[in-house]
Amino acid sequence: MAEGVVIVAAEGIKTLGDFIIQQSKFLSGVSYQVELAKVELHLIRGFLRDADARQGEEEVVRIWVKLIRDAAYDLEDVIESFALKVASRRRGGTVKIVLKRFASIFNEGVNPYKIGSEIEDIMTKLSHLRSSLQSYNIRQISGEENTDILVKELVREGKRHRVISIWGMGGSGKTTLAKQVFLQDEVKRHFDCFAWVCISQQWEGKDVLEDIIIKLTSPTAEKRKEISKMKKDEIAREVCSIQREKRCLVVLDDIWTQEAWHSIKSGFPINEETESRILLTTRKKEVALLASKNDHLHQPQPLDDNQSWELFEKIAMCGSDKTDLEIYAKKRELGKKMLVHCSGLPLAINVLAGLLSRRETIDEWDTVLRNVDVYIMRGINVLEREKTGQECGVSGVLALSYDDLPSHLKLCFLYLAQFPEDHEIRVKRLSQLWIAEGFITSTSEMHVSVEILEELSYSCLVELVERSMVQVVEYGLSGKVKTCRLHDFMRDLCLQKAEEENFLRIINFSTGLVSKTPLIGKVRRLALHLDENVKYDFSIDGRDEHIRSLLYFTPKGFDQKWKKKVMRSIFNDFKLLRVLKFENIEREFQLPKTIGNLVHLRFLSLKHSAYSGLPSSVSKLVLLQTVDLRYNYYLYEGSCFGRERATRIRNVFWNMEQLRHLYLPWRHYISEQKLSFARLCNLQTLGDLPIEKCDLNDLVQLTNLKKISVIVSRPSHLEKFKNMLISRSITYERLQSLSLKLNRDDNEDIARDIVLRCPHIYKLRLLGKMTKFPEELLGYPNLTKITLVSTELRCDQIEIVKMLPKLRVLYLGSNAFKSKTMVFSPGGFPHLEFLTLSALFMLNEWRVEKEAMPSLQRLHIEWCLQLWEVPDGLQHITTLKELTINVMTSRFCSRVREGGEDFYKIKHVPSIIITNIQPDYKKDEEPEMEEAAGASRVVANDSEESTVDGMWLIDFVRFMIA
């Protein structure tokens with residue numbers, strides 16, 4: 001079985017991107033070899049498609065595929081190493097500048113003729129492999145079959161307006177296929193007039209319809225002026241009229257959203273008698289389904305045979321013609337034979353049905369049945385562990401589902417193997433890793449924005465979810481998948497396939513001492529699962545220069561002392577490293593200067609690791625896309641803030657033009673010059689930035705930011721920033737998340753003005769005094785989550801907060817409201833789903849009146865030690881599913897327990913969790929906060945100290961982590 005990951009490996013040259021390949025044209029003696037490499041890999045991809053479908057001569061095909069894969073990897077290594085060689089030798093300037101200086105390359109000690117020779121040797125090997133394919137009876141597959149199918153669909157007789165959709169990820173060939181169909185002679189003869197319009201993300205309904213009418217009618221200049229003055233509805237009616245009168249073919253290329261389709265569909269005679277057709281391409285499955293009038297899929301959880309068949313039929317046969325009883329009966333027969341192997345497991349049923357839903361004919365279904373039987377017969381070879389016959393059947397179905405994946409999804413799926421069992425994977429982090437590895441690319445000749453790459457990455461995850469190969473753990477506020485995981489069976493399959501392909505290697509230290517482990521073959525990705533109870537003394541015999549990805553998975557608070565040679569090897573031995581995840585290392589360490597030699601690095605995360613600072617050599621890592629330096633204090637037993645330390649950060653980011661996400665540590669100091677961001681035009685995330693330690697001119701220019709967290713110590717800096725925004729009429733139109741942390745009381749009005757420069761935020765966090773809540777936020781259409789800590793809002797300000805139209809999540813922390821009584825009045829918080837009350841020390845009465853919070857699902861109350869009872873109004877909130885009570889007094893907790901005075905108020909809540917019960921205090925008596933919190937003072941900044949309450953600090957920690 002030829003693995004699809006090989007196709008993506010062969011495309012590795014493309015993962016260098018237009019940046020490396022195009023700039024290689026400056027390299028005399030090398031650019032020609034690079035172009036030949038691209039052609040050779042393009043030719044060989046067609047053969048790999050056939051190899052993927054081969055189930056017979058498995059060993060022969062596998063050996064051939066392995067040789068192709070290794071050669072493709074070697075080719076990518078040689079080209080990228082050469083292109084970046086000079087970058088590691090020079091100081092200053094970006095990679096683009098360096099690559100344009102190749103006239104002096106001989107002075108740098110780099111021999112382009114030697115590199116060209118190495119490329120030529122690898123290409124000779126690839127060429128010989130391709131030439132030998134006829135003896136294996138492997139043929140080259142082109143896109144002709146798909147073209148023929150689409151042409152037949154377009155010219156099929158019948159007077160019903162039809163929409164034919166081509167759906168797939170960016171770079172999968174949708175537009176190329178549409179162009180091939182569009183240019184076919186049969187199509188040209190069949191239709192009277194044609195229109196091809198590109199819609200993409202930047203669309204305007206009227207402009208699209210105007211473009212269509214111009215291309216269908218070829219109007220005169222005078223007529224064009226008339227069209228430009230027409231209203232959208234008038235243009236839509238005219239376009240419809242033309243399609244009724246003539247045979248028209250309209251190609252809508254690259255529709256991204258359902259909204260885009262809705263904005264133009266009035267221009268098409270949908271469901272009317274007409275011979276006109278629409279050919280549509282989209283990255284979004286839901287757009288294709290909507291335009292082509294298919295139903296969405298449902299995935300219940302059946303157990304018995306009848307429910308299993310019902311689930312299978314809904315998914316696998318949703319597009320089948322059930323009026324043809326003979327075809328339907330045959331599919332039912334084949335389907336039930338395949339369902340036997342699923343053993344009633346919903347996961348296997350979903351996967352099999354999803355696979356068959358993409359196949360329409362009896363022959364295709366019969367082929368799947370035969371392949372399922374082949375996988376079952378292989379039994380234990382599918383996953384190397386003892387299995388019952390039932391388990392082998394399920395494993396066979398899952399293995400078949402893997403083989404059915406498109407090549408790009410195989411690579412994305414295999415990457416999940418490195419995560420520990422039952423690990424909850426954050427989708428945003430996974431997307432950053434996929435992009436850094438080069439898995440998410442576009443074949444378009446046009447520049448692809450950062451947003452599009454991340455959208456494509458998310459689409460890959462969604463398709464894996466739709467195929468039931470990845471499970472959703474949690475959805476975010478936007479409705480997108482926030483975290484995911486692998487089912488145990490799927491993880492077994494993932495591990496097996498990754499090992500077969502030598503795609504990655506996992507070393508698990510929980511099984512005992514591991515040292516001097518030989519890495520057989522060219523290992524490209526290495527994941528190390530560490531254990532606090534097992535000593536880490538791992539080193540590799542000899543330097544493995546082929547490793548591109550090194551990920552450490554450790555338990556939180558991992559505190560082992562590492563030998564210096566081990567630490568040196570991490571930053572010295574892996575020169576081709578693209579991804580380094582070195583997180584949760586609690587024992588303090590220094591980053592060696594040699595980290596600057598890892599010039600291929602795209603992703604660097606030291607999150608929650610006790611590094612002392614960044615060496616200046618980090619500035620050489622100009623290809624970095626994600627840098628995560630976050631370090632938060634953990635709440636250890638007996639202390640509310642753990643270890644006190646500040647991290648030294650230098651101005652090393654200024655020339656990282658590809659940087660997209662920068663997360664700074666909470667407590668740090670900037671040495672030498674201020675941070676400069678002038679060149680960081682791709683930056684989307686900027687976390688925990690001390691505003692006085694950066695160039696404000698740079699900050700106001702970062703208008704592509706989606707998320708920013710700002711720490712303010714001096715009002716003068718914030719006021720200067722505000723004035724610059726106002727004077728230049730700058731608003732952060734793309735900003736979705738804003739955090740302001742104010743260390744002084746006189747920042748209030750300034751902070752309000754900053755918030756009002758961010759009209760589209762959906763998440764707002766405010767820490768610091770702001771006694772009056774901005775009423776203008778009532779008009780913010782996307783604001784769904786608010787965190788308030790130490791804002792000291794007046795009690796009447798709750799009347800403004802409660803009216804926010806889209807608010808779904810509210811966190812009220814220490815001193816959020818300066819009042820002993822808090823009232824949620826009728827009609828307030830109509831869409832609130834999650835509410836947290838934390839450390840509201842003054843609060844001793846909370847009233848929730850009838851019809852307040854009608855949508856509340858989860859309520860969390862903690863550290864409100866003056867609050868003695870839950871409000872009566874909770875009994876009327878029938879949507880409440882979870883009540884969590886933590887660090888509350890004994891009296892409060894006893895009242896809500898079963899049999900308690902307040903139990904009737906919350907007895908309808910399915911889940912009630914009570915933890916960390918505290919001793920009672922007299923009403924209006926302040927608890928001993930130092931005892932409760934474990935501390936009462938923390939140094940907030942090296943230059944300026946501030947004394948804060950221990951409980952305020954706990955809120956601050958949670959605020960930073962959020």
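Residues numbered from 1 in each chain as written. Predicted model: local features only at pLDDT ≥ 70, side-chain atom pairs only at ≥ 80, totals over all residues. Heavy atoms only, no water.

A. Inspection of the overall build of the protein chain at higher detail. For the protein chain, the count of helices and strands is 33 helices and 28 strands. Expressed as a percentage of its 962 residues, the buried residues of the protein chain come to 56%. Residue pairs in contact within the protein chain that sit at least 24 positions apart in sequence constitute 66% of those at least 6 positions apart. When the accessible surface of the protein chain is split by element, carbon and sulfur atoms take 48% of a total near 41600 Å². (Helix = DSSP H or I, 4+ residues; strand = E, 2+ residues; numbered from the N terminus. Buried < 20%, exposed > 50% of the residue type's maximum accessible area, 1.4 Å probe, protein only. Contact = heavy atoms within 4.5 Å. Areas by Shrake-Rupley, 256 points an atom, 1.4 Å probe, with all protein chains shown as cover.)

B. Broad picture of the side chain of S739. Position of S739 relative to the elements: it lies in strand β19 (residues 737-742). Judged by relative accessible area, S739 falls into the buried class, the value being 2%.

C. Layout of the packing of aromatic side chains. If you walk through the whole model with that rule in mind, you get 12 aromatic pairs. Geometrically, the ring pair formed by F191 and F194 is edge-to-face, given 6.2 Å between the ring centres and 70° between the ring planes. With relative accessibility at 3%, the residue F191 sits in the buried group. F194 sits in the buried class, given a relative accessible area of 18%. Here the aromatic residues F182, F191, F194 and W196 are joined through ring pairs into a cluster of three or more. Note that K410 overlies the ring of Y402, its terminal NZ or CZ placed 5.6 Å from the centroid. (Phe/Tyr/Trp six-rings, centres within 6.5 Å; stacked < 30°, edge-to-face > 60°. Lys NZ or Arg CZ within 6 Å of the ring centre and 35° of its normal.)

D. Here's a closer look at the confidence of the model for the protein chain. Of all residues in the protein chain, 72% have pLDDT values of 70 or greater, and the mean over the chain is 76. Considering only residues more than four positions removed or in separate chains, one finds that residues 633-643, a stretch of pLDDT under 50, has 31 contacts. (pLDDT = per-residue confidence, 0-100.)

E. Highlighting the pairing of strand β3 (residues 248-255). Most of β3 sits out of view: eight of its eight residues are buried. In this structure, β3 lies alongside strand β4 (residues 277-282), joined through five bridges in parallel fashion. Looking at the pairing, V250 lines up with I278 of β4. For the handedness criterion, the β-α-β arrangement of β3, helix α14 (residues 258-264) and β4 is classed as right-handed. (Pairing = 2+ DSSP bridges. Right-handed = clockwise from strand over helix to strand, strands pointing away.)

F. Representation of unusual backbone geometry. Phi at N502 is positive, roughly 50°, even though this residue is not glycine. Position of N502 among the secondary structure elements: in the loop between α24 (488-500) and β8 (505-508). Look at S729: it is not a glycine, yet its phi comes out positive at around 55°. For S729, the position within the fold is in the loop between α27 (715-727) and β19.

G. The sheet that holds strand β7 (residues 481-485), seen in detail. The three strands are arranged β5-β7-β6 in an open sheet whose pairing can be described as antiparallel. Two strands in the sheet have a free side with no partner beyond their single neighbour: β5 (425-426) and β6 (471-475). Pairing of β5 with β7 involves two bridges; the strand directions are antiparallel. By the bridge assignment, R426 is partnered in β7 with T483.

H. Focus on the nonpolar core. One finds F653, L699 and W846 to be the most contacted residues of the largest nonpolar core, which totals 121 residues. Setting aside anything within four residues of it in sequence, one finds L699 in contact with L686, L689, I691, C694, I708, F721 and Y732. Counting residues in hydrophobic clusters, the runner-up holds 50 residues, among them L405, I452, L486 and L493. (Core = buried A, V, L, I, M, F, W, Y, C linked by side-chain atoms within 4.5 Å.)

I. Representation of the pattern of salt bridges. In total, this model carries 32 salt bridges according to the counting rule given. A salt bridge links R808 to E833; its shortest N-O distance comes to 3.4 Å. Linking R808 in the loop between α29 (798-801) and β22 (809-812) with E833 in the loop between β23 (821-824) and β24 (834-838), this pair joins segments that are 25 residues apart in sequence. Between R895 and D902 there is a salt bridge; the shortest N-O distance is 2.8 Å. Comparing R895 with D902 shows no difference in burial state: the two are buried. What you see here is one network of salt bridges that share partners, running through E869, D872, R895, E901, D902 and K905. (Salt bridge = Lys/Arg side-chain N within 4 Å of Asp/Glu carboxyl O.)

J. Structural detail: the pairing of β19. With six of its six residues buried, β19 lies for the most part within the structure. Sheet analysis places strand β18 (residues 707-712) next to β19, joined by six bridges and oriented parallel. The residue bridging V712 from the neighbouring strand is L742, located in β19. Considered for its hand, the β-α-β crossover made up of β18, α27 and β19 is right-handed. Summarising the sheet, β19 and strand β20 (residues 763-767) pair through five bridges and their orientation is parallel. The residue bridging K741 from the neighbouring strand is L767, located in β20.

K. Structural context of the side chain of S609. Here S609 lies in the loop between β12 (603-605) and β13 (626-628). Within polar-contact distance, the side chain of S609 engages the backbone nitrogen of N584 at 3.2 Å. (Polar contact = N/O pair within 3.5 Å; in protein donor to acceptor, adjacent residues only side chain to side chain.)

L. Summary view of helix α25 (residues 564-572). Looking at α25, one finds that the buried residues are V566, M567, S569, I570, F571 and N572. On its buried face, α25 sits against β10 (549-553) and β11 (579-582).

M. Expanded view of α27. Its 13 residues place the ends of α27 18 Å apart at the C-alpha level, agreeing with the 18 Å of an ideal helix rising 1.5 Å per residue. With its phi angle positive at about 55°, S729 sits one or two positions after the end of α27. (Expected span 1.5 Å × (residues − 1).)

N. Seen up close, the environment of I649. Relative to the helices and strands, I649 is located in strand β14 (residues 647-649). Expressed as a C-alpha distance, the spacing of I649 and P615, which sit 34 residues apart in the sequence, is 8.4 Å. Ignoring sequence-local partners within four residues, the contact set of I649 consists of L614, L629, L664, P665, H668, Y669, I670, S671 and L675.

O. Summary view of the packing of helix α11 (residues 205-217) against helix α12 (residues 221-229). Interhelical geometry of α11 versus α12 gives an angle of 155° and a closest axis separation of 10 Å. One finds that α11 runs roughly antiparallel with respect to α12. As for the relative orientation of α11 and α12, their crossing is right-handed in sense. Of α12, the residues touching α11 (which contributes K206, E210, I213 and I214) are R224, I227 and S228. Residue composition of the contact of α11 with α12, grouped by class: three nonpolar, one polar and three charged. (Axes fitted to C-alpha atoms, helices over the stretch in contact; angles between N-to-C directions. Parallel < 35°, antiparallel > 145°, perpendicular 65-115°, else oblique. Left-handed = near helix turned anticlockwise from the far one by under 90°. Nonpolar A, V, L, I, M, F, W, Y, C, P; charged D, E, K, R; others polar.)

P. Structural view of the environment of I761. Mapped onto the elements, I761 comes out in the loop between α28 (748-755) and β20. Taking relative accessible area as the criterion, I761 reaches 0% and is therefore assigned buried. For the pair I761 and K706, spaced 55 residues apart in sequence, the C-alpha to C-alpha distance is 8.7 Å. Among all residues touching I761, those that are not within four sequence positions of it are L735, Q736, S737, L738, Y780, N782 and L783.

Q. Structural context of the environment of I242. With respect to the helices and strands, I242 occurs in helix α13 (residues 232-245). The sequence separation of I242 and P269 amounts to 27 residues, and the corresponding C-alpha distance is 9.7 Å. Other than its neighbours up to four places away in sequence, I242 contacts I213, L216, T217 and C248.

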